[in-house]
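Coordinates in review
Now for the letters of each chain:
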Amino acid sequence: KNPQTLIAVAGLLANLKIATANEALAAIYAGARESGVKMAVLSALSELKYPKMESIIKAGMADPDENVRTTALSLLNNSTVTKENLPAIVNAIFAKGSAREQQELLATMNRLDRDKTLPVLEDLFRKYKNRQLSANVALELKEAIDSSGSADLQAKMAALKPTGSPLDEYAAALYGGSRWGGWDLFNNNSTAQCVRCHAFRGEGGIVGPDLSNIGNQLSREQILQSLVDPGARIAPGYGNVSLQLKEGQEVFGVLMDETAEKLTIKTADAEPLVIPVERIAKRENFPSSMPPMGAVLSKRQLRDLVEFLAALKE
């Protein structure tokens, strides 16, 4: 009866490929209340190729717990979903499912045969184009279309890029990330090393600006831009700027403050210079010491980081 024991036994049977207890596992699933037990049994029965897997997955997709539903969706494959019943599953998930379930379903479709997924992807693309789908699934939809092999759909998806700006490549990373995944990446990812330079809530480095209130200071678009093109923006007090004024004067110094109307520059003079934006003819930001994160992190990781940083509000 102990949930942890049931989870461990389900994993053990799957690891040792012991299928003789499949019916007992199915009975455990039917009587289980704990989501962890249901998820473990679902995964084990899938690994053990349980002949009645389709009905177990269907029960999992109808479970009241999102984690169980998501696990069930992740187990869909060509033997458990047909071309005829896939549209009904997709329509149900995109009508009532959470963003996480929608993301998982799209990721699962990458493993299904093209003749099953192509009609569904065409319908989902049409809805996405008409803004009838959440922006949270933009990255998974693009990945599913890329893996579909349909040149027509890929061209249509690419044509949705609005301005041709450098950020368009990363636009799908704006919404739908995991805040917890972003926290873990910020604190523990050895490639990004965010916490070595930046602090939040009193912990971290001091080389870069404190990010404790970054969710109130920058929009998601600005946060993403700061990650993939760190030289495009300068955090006050953390970068140099060179200005050529309309009257011919040149100013170089540390950017201390910036608003829509004026810049405050610390120069060699005793007092900072306050320069109205309307006087500036040309501006050059000097390269940030922060590397472009698009070169070291995946788009999914960037999406998680955006979600985490956007939630940092004091």
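Please refer to the structure higher up on the page.
Right, let's talk about the overall build of the protein for a bit. If you tally the helices and strands in the protein, you get 15 helices and seven strands. In terms of overall dimensions, the protein is more spread out than a globule: its C-alpha atoms have a radius of gyration of 25 Å, far above the 20 Å expected for 314 residues. Considering only residue pairs separated by 6 or more positions, the protein has 60% of its internal contacts joining residues 24 or more positions apart. Here the protein holds 36 positive side-chain charges and 37 negative ones, and the gap between their average locations is 6 Å.

Inspection of the secondary structure puts H198 in the loop between α12 (194–197) and β1 (199–200). For H198, a relative accessible area of 14% puts it in the buried group. Within the local environment of H198, its side chain forms a polar contact with the backbone oxygen of P209, the two atoms lying 2.9 Å apart. Those residues within four positions of H198 in sequence are excluded, and the remaining contacts are F186, E203, G204, G205, G208, P209, L211 and M290.

Overall, antiparallel pairing links the five strands, which are arranged β6-β5-β4-β3-β7 in an open sheet. Across the chains shown, the open sheet's two edge strands, defined by having one partner strand only, are β6 (273–276) and β7 (280–285). This sheet shows a mean twist of 45° between the axes of neighbouring strands, independent of strand direction. Alignment of strand β4 (residues 250–258) against strand β5 (residues 262–266), held across four bridges, turns out to be antiparallel. When the sheet's bridge partners are listed, E258 is paired in β5 with L263.

Another point: the environment of P51. Assignment of secondary structure puts P51 in the loop between α3 (35–47) and α4 (53–61). Take P51: its relative accessible area is 75%, and that puts it in the exposed class. A sequence separation of 82 residues divides P51 from L133, and the C-alpha atoms of the two residues are 35 Å apart.

The next subject is the pattern of salt bridges. According to the stated counting rule, one finds 14 salt bridges in the structure shown. Close ionic contact of R300 with E143 constitutes a salt bridge, the shortest N to O distance being 2.5 Å. Taken together, the positions of R300 in helix α15 (residues 299–310) and E143 in helix α9 (residues 138–148) put the pair 157 residues apart, joining distant regions of the chain.

Okay, the packing of aromatic side chains next. Scanning the entire structure with this criterion turns up four aromatic pairs. Consider the rings of F186 and F200, whose centres lie 5.3 Å apart with planes at 80°: the pair is edge-to-face. Residue F186 is found in helix α11 (residues 179–188), and its partner F200 is found in strand β1; the two are separated by 14 residues along the sequence. Grouping residues by exposure puts F186 and F200 together as buried. Relative to F308, the ring of F186 has its centre 5.5 Å away and its plane inclined at 50°; by these criteria the two rings are tilted. On the criterion of sequence distance, the pair formed by F186 in helix α11 and F308 in helix α15 is long-range, its members being 122 residues apart. Here F186 and F308 have matching classes, each one buried.

Looking now at α3. Here α3 spans 18 Å end to end across 13 residues, near enough to the 18 Å set by a 1.5 Å rise per residue. Along α3, the positions that sit buried rather than exposed are V37, K38, A40, V41, L42, A44 and L45. Contacts from the buried residues of α3 go to α1 (3–15), α2 (22–31), α4 and α5 (66–74). Backbone geometry just after α3 places K49 at a positive phi near 55°.

Reading guide: rules and limits
- Residues numbered from 1 in each chain as written.
- Predicted model: local features only at pLDDT ≥ 70, side-chain atom pairs only at ≥ 80, totals over all residues.
- Heavy atoms only, no water.
- Helix = DSSP H or I, 4+ residues; strand = E, 2+ residues; numbered from the N terminus.
- Rg over C-alpha atoms; globule rule 2.2 N^0.38 Å.
- Contact = heavy atoms within 4.5 Å.
- Lys, Arg positive; Asp, Glu negative; His and termini not counted.
- Charge placed at Lys NZ, Arg CZ, Asp CG, Glu CD.
- Buried < 20%, exposed > 50% of the residue type's maximum accessible area, 1.4 Å probe, protein only.
- Polar contact = N/O pair within 3.5 Å; in protein donor to acceptor, adjacent residues only side chain to side chain.
- Pairing = 2+ DSSP bridges.
- Axes fitted to C-alpha atoms, helices over the stretch in contact; angles between N-to-C directions.
- Salt bridge = Lys/Arg side-chain N within 4 Å of Asp/Glu carboxyl O.
- Phe/Tyr/Trp six-rings, centres within 6.5 Å; stacked < 30°, edge-to-face > 60°.
- Expected span 1.5 Å × (residues − 1).

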